[in-house]
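Here's the letter readout for the chains.
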2 protein chains.
Amino acid sequence: MSAGPEIERLIQLLSKLPGLGPRSARRASLSLLQKREQLMIPLADALAEAAEKISACSTCGNLDVTDPCAVCRDHRRDDSVICVVETVGDLWALERASAFRGRYHVLGGVLSALDGVGPEDLNVAGLIERAGREDVKEIILALNATVDGQTTAHFLADKLAEASVDITSLARGVPVGGELDYLDDGTLTAAFRSRRPA
Amino acid sequence: MSAGPEIERLIQLLSKLPGLGPRSARRASLSLLQKREQLMIPLADALAEAAEKISACSTCGNLDVTDPCAVCRDHRRDDSVICVVETVGDLWALERASAFRGRYHVLGGVLSALDGVGPEDLNVAGLIERAGREDVKEIILALNATVDGQTTAHFLADKLAEASVDITSLARGVPVGGELDYLDDGTLTAAFRSRRPA
Ligand SMILES: [Zn+2]
Ligand SMILES: [Zn+2]
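Rules used in this analysis
Residues numbered from 1 in each chain as written. Chains lettered and ligands numbered in written order. Predicted model: local features only at pLDDT ≥ 70, side-chain atom pairs only at ≥ 80, totals over all residues. Heavy atoms only, no water. Donors = N, O, S within 2.8 Å, 3.2 Å for Na, K, Ca; no water. Tetrahedral: all angles 85-135°; square planar, octahedral: opposite > 155°, others 65-115°. Helix = DSSP H or I, 4+ residues; strand = E, 2+ residues; numbered from the N terminus. Buried < 20%, exposed > 50% of the residue type's maximum accessible area, 1.4 Å probe, protein only. Lys, Arg positive; Asp, Glu negative; His and termini not counted. Salt bridge = Lys/Arg side-chain N within 4 Å of Asp/Glu carboxyl O. Contact = heavy atoms within 4.5 Å. Core = buried A, V, L, I, M, F, W, Y, C linked by side-chain atoms within 4.5 Å. Pairing = 2+ DSSP bridges. Axes fitted to C-alpha atoms, helices over the stretch in contact; angles between N-to-C directions. 1 Å grid on protein atoms, 1.4 Å probe; cavity = no way out; pocket = protein on both sides within 12 Å on 5 of 7 lines; lining within 4 Å. Points joined across faces, edges and corners; volume = space filled by probe spheres on them. Buried area = accessible area lost by both parts, 1.4 Å probe. Polar contact = N/O pair within 3.5 Å; in protein donor to acceptor, adjacent residues only side chain to side chain. Nonpolar A, V, L, I, M, F, W, Y, C, P; charged D, E, K, R; others polar.

Considerations on the coordination of the zinc ion (ligand 1)
- Protein coordination at the zinc ion (ligand 1): the donors are Cys 57 of chain A (SG), Cys 60 of chain A (SG), Cys 69 of chain A (SG) and Cys 72 of chain A (SG), at 2.3 to 2.4 Å from the metal.
- Relative to the metal, the four donor atoms surrounding the zinc ion (ligand 1) lie at angles of 102 to 117 degrees, and the coordination shape comes out tetrahedral.

See below:
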C-alpha cells in the first residue's frame, strides 16, 4: 500500500462511519492529515473526551455527560408523558424540532426476526417499570413507520396493557411541506385513511 | 441543544470532513458513541498517532511516518522519472493503480487566479531543483485535466524548459474535467502508457 499502515488504519476506521465509504474515507483522512492543527488533533481530542465522559442515561438511555441525563434532570419537563423512541438519534431529532416536552425512553432498536433482535435485546423492562409509576399518564410510541417499528409498537402496547396509562402513537400522514408526488404509497394510503374535516 | 456541548463539538468537527454534511456528521457521531470500544477509542488513538507521526516528505511532499517517505526511499524505483501531481490524494491514486514506478513530486495544488494561488504557494522551486539533477531524464506532468491543472502544466513546462529533461503529460485517456482521484485503475494505467511530450 502506498499510504503506509498508520494512514491505512485511519482510512479503515473512518470507512466504518455511516455515510463514509472507502473512497470518501480516504479523502477524509487526507483532509485530516492536511489540517492537522485545525481538524485532526481537535477531532482526536473531542473523540477521546467524548469516549471518556459520555455514557448512556440509566433512566432513559439518552447519551450525556451526566447520569441522569440533562433531559431527565430538567424539572420543567412533563413527568406524566414518556415518548418511546428507537434510538438516541430519534431523541435528538425530536429535541431539535422542539416537538415534545415530556420524558423519553430509548429502546435501543426494534424487534427484528431478520437481525435476531428479541425483546431481551431492547430496554423493555425499564419501560414497563417506568410505565408503572404513579405520575406517568401516557406513553407515546414514537417508533419508525417501518414493519419492524410497527411490530415493536404492537408488542409494547401489549406489554403495557396492564399499566394504567394511555398508549398513543404518532399520527400518520403527509409531512409538512410534503409533495404528494414524492410520497410513497403507504404514506398516501395512511393519509387518506386518517383524513379529517378541513 | 439536546446533545450537549461535547457531542455538538464532535458533530461540528466531523461535519468539516469532506463527504460528511451536518446530518451525516450527526449520524456518524451517534455511531461512534454507540461503538465506543470498537470504533470511537480506536479512531481517537489512530488520529492522535497519525497527527504525531505523519509529516510531509521534504523531498516529494508525500505524507508518511518517515522523511524521506517510503516512495523516495524505495531503491527499486526509477530515479530518472518524476511524476508531478497536485495532491497526495493523486499520488495515492496512482500508487493504488500501480500505474507508475518512478518518483513523485507533490505540488500542493494548482495555480488559480480565482483562489489566489500563485507559483509561490506551490512547491515549484523544489521541482526545478530536482529536475536539474543529473539522473533525472523525464518529468511527467500528471495534473488534473481541469483548466487550472492545464494552466499549471503549461507554466511548469515553461519553467522546466531550461532543464535537460523530457517533459511529458498524461494521454487524453483522462477525461476532460476529470480528477485523477476519481478514475479507475485501467484508465490511469492506459493514460500513463500513452503519455506524450507536453
Ligand atoms: Zn435520561
Ligand atoms: Zn517522498
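Considering the coordination of the zinc ion (ligand 2)
Residues and elements named next belong to chain B.
- Distances from the zinc ion (ligand 2) to its protein donors, namely Cys 57 (SG), Cys 60 (SG), Cys 69 (SG) and Cys 72 (SG), fall within the range 2.3 Å.
- Viewed at the metal, the four donor atoms of the zinc ion (ligand 2) are separated by angles of 102 to 116 degrees, and the geometry they form is tetrahedral.
- Positions of the donor residues of the zinc ion (ligand 2) along the chain correspond to the pattern C-x2-C-x8-C-x2-C. Taken together, the residues Cys 57 in the loop between strand 1 (55–56) and strand 2 (63–64) and Cys 69 in the loop between strand 2 and helix 4 (70–73) connect sequence positions 12 residues apart. The pair formed by Cys 57 and Cys 69 is uniform in burial state, with each residue classed as buried.

Focus: the side chain of Asp 64 of chain B
All names here are of chain B.
- Following the sequence through the fold, Asp 64 ends up in strand 2.
- Within the buried set, Asp 64 has no salt-bridge partner at all; the shortest N-O distance to an opposite charge, 4.4 Å, is to Arg 73.
- Contact partners of Asp 64, with chain neighbours within four places excluded, come to Lys 53, Ile 54, Ser 55, Cys 69, Ala 70 and Arg 73.

A closer look at the nonpolar core
- Ranked by size, the top nonpolar core spans 86 residues in total, and within it Leu 14 and Leu 47 of chain A together with Leu 14, Leu 47 and Cys 83 of chain B carry the most contacts.
- Apart from residues lying up to four places away in sequence, Leu 47 of chain B is in contact with Leu 10, Leu 32, Met 40, Leu 43, Ala 44 and Leu 47 of chain A.
- Leu 111, Ala 131, Val 136 and Ile 167 of chain B belong to the second largest nonpolar core, which has 18 residues in total.

What to know about the sheet that holds strand 6 (residues 166–169) of chain A
Residues and elements named next belong to chain A.
- With parallel pairing, the four strands of this open sheet are ordered in space as 4-3-5-6. Two strands lie at the open edges of the sheet, namely strand 4 (103–106) and strand 6, each paired on one side alone. Ignoring strand direction, the axes of neighbouring strands in this sheet form an average angle of 25 degrees.
- Bridging between strand 3 (residues 81–85) and strand 5 (residues 138–141) involves four bridges; their strand directions are parallel. Across the sheet, Val 81 pairs through a bridge with Glu 138, a residue of strand 5.
- Running at roughly 155 degrees to strand 4, helix 5 (residues 88–96) makes contact with strand 3 and strand 4 of the sheet.

What about empty space enclosed by the protein?
- In this structure the tally under the stated criterion is one cavity of 30 Å³ or more.
- The computed volume of the largest cavity comes to approximately 40 Å³.
- Lining the largest cavity, in full, are Arg 23, Arg 26, Arg 27 and Leu 30 of chain A together with Gly 89, Trp 92 and Asp 181 of chain B.
- Where the lining of the largest cavity is concerned, the elements lending two or more residues are helix 2 (22–34) of chain A together with helix 5 (88–96) of chain B.
- It is helix 2 of chain A that provides the largest number of residues to the lining of the largest cavity, a total of four residues.

Concerning the interface of chain A and chain B
- Every contact between the two is made by 47 residues of chain A and, on the other side, 49 residues of chain B.
- Around 4700 Å² of area is buried between chain A and chain B when both sides are counted, 73% of it from carbon and sulfur atoms.
- At the junction of chain A with chain B, the criterion picks out two residue pairs in polar contact (both at pLDDT 80 or more).
- Where the side of chain A that touches chain B is concerned, the elements lending two or more residues are helix 1 (4–14), helix 2, helix 3 (36–53) and helix 5 of chain A.
- With 16 residues, the top contributor of residues to the side of chain A that touches chain B is helix 3 of chain A.
- Looking at side-chain class alone, the side of chain A that touches chain B contains 29 nonpolar, six polar and 12 charged residues.

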